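Residue-level listing of the chains:
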Amino acid sequence: EAGVAQSPRYKIIEKRQSVAFWCNPISGHATLYWYQQILGQGPKLLIQFQNNGVVDDSQLPKDRFSAERLKGVDSTLKIQPAKLEDSAVYLCASSAYWGARGEKLFFGSGTQLSVL
Amino acid sequence: DAKTTQPPSMDCAEGRAANLPCNHSTISGNEYVYWYRQIHSQGPQYIIHGLKNNETNEMASLIITEDRKSSTLILPHATLRDTAVYYCIVRVVASGTYKYIFGTGTRLKVLA
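A brief look at the structure comes next. (Residues numbered from 1 in each chain as written. Chains lettered and ligands numbered in written order. Predicted model: local features only at pLDDT ≥ 70, side-chain atom pairs only at ≥ 80, totals over all residues. Heavy atoms only, no water.)

All right, on to the overall build of chain B then. For chain B, the helix and strand inventory stands at 0 helices and 10 strands. Helices (α) and strands (β) of chain B occur, in sequence order from the N terminus, as β-β-β-β-β-β-β-β-β-β. Its C-alpha radius of gyration of 14 Å places chain B within 12% of the 13 Å reference for a compact globule of 112 residues. C-alpha extents for chain B along the principal axes are approximately 45 × 30 × 25 Å. Summarising the internal contacts of chain B: among those between residues at least 6 apart in sequence, 55% fall at separations of at least 24. (Helix = DSSP H or I, 4+ residues; strand = E, 2+ residues; numbered from the N terminus. Rg over C-alpha atoms; globule rule 2.2 N^0.38 Å. Contact = heavy atoms within 4.5 Å.)

We now examine the interface of chain B and chain A. Opposite the 22 residues of chain B that make contact, chain A presents 22 residues. In total, chain B and chain A occlude about 1,900 Å² of area from one another, counting both sides; carbon and sulfur atoms represent 48% of this. For the pair chain B and chain A, the number of links is 1 salt bridge. Asp56 of chain A serves as the salt-bridge partner of Lys99 of chain B, at 2.3 Å between the closest nitrogen and oxygen. Taken together, the connections running from chain B to chain A amount to 10 residue pairs in polar contact (both at pLDDT 80 or more). Put simply, the parts of the chain that give the side of chain B that touches chain A at least two residues each are β3 (32-38), β4 (45-50), β8 (84-94) and β9 (97-101) of chain B. Considered class by class, the residues forming the side of chain B that touches chain A number 10 nonpolar, 9 polar and 3 charged. (Buried area = accessible area lost by both parts, 1.4 Å probe. Salt bridge = Lys/Arg side-chain N within 4 Å of Asp/Glu carboxyl O. Polar contact = N/O pair within 3.5 Å; in protein donor to acceptor, adjacent residues only side chain to side chain. Nonpolar A, V, L, I, M, F, W, Y, C, P; charged D, E, K, R; others polar.)

This brings us to the sheet that holds strand β6 (residues 61-64) of chain B. Residues and elements named next belong to chain B. As summarised here, the arrangement of the 4 strands in space is β2-β7-β6-β5, forming an open sheet in which the pairing is antiparallel. This sheet does not close on itself; its edge strands, each paired only once, are β2 (18-23) and β5 (55-56). Of the pairings in the sheet, the one linking β2 to strand β7 (residues 70-75) comprises 6 bridges and is antiparallel in character. Each bridged residue has a counterpart across the sheet, and for Leu20 the counterpart in β7 is Leu73. (Pairing = 2+ DSSP bridges.)

Put into structure tokens, the structure is as follows:
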């Protein structure tokens, strides 16, 4: 089966510019997650969707970050305006509910963002 | 906040078993322990997960202590390709769904 697709793979922008990342989860996966991973750290959850509704966005810097998941499938994460500290890998993951025991996360390869 | 604590780095000789410890002393009764690994420039890859019984699959074994406050991931015969960062994660229930909280991980280096 196809995995989680993300694009672009790399992005370089200057501070104060805007940027958008795209994610296509595994077909049929209702839950979609965006994580931010700063170099040398573990992934940090930014936002979690269940179908097209937001379940948790408590860690999302809402003054500059936004995300949407139209029709409960693809998702876009946007940063506007970008700051130097936003340089990180942005990971998208998805999961399907197979009962408490069966569920697990599947990750895409991520988008590496460099803000200059 | 992360619910797990791991050593920052470990070395293992190729062909030997790699035993990666994880502390999750605040885990609740219905929270699962997951292990993922991340090879440079890739997204995290699922390894194994469990609730309270020991688990084994084609990649690894997971040993969870009886009090569930700690666990150990065992790679039985480590190869150079197992060099990666290994994350121990507790899956929590939040807002009717599951949330996966990553810690800082253990950087495993397999030596030839």
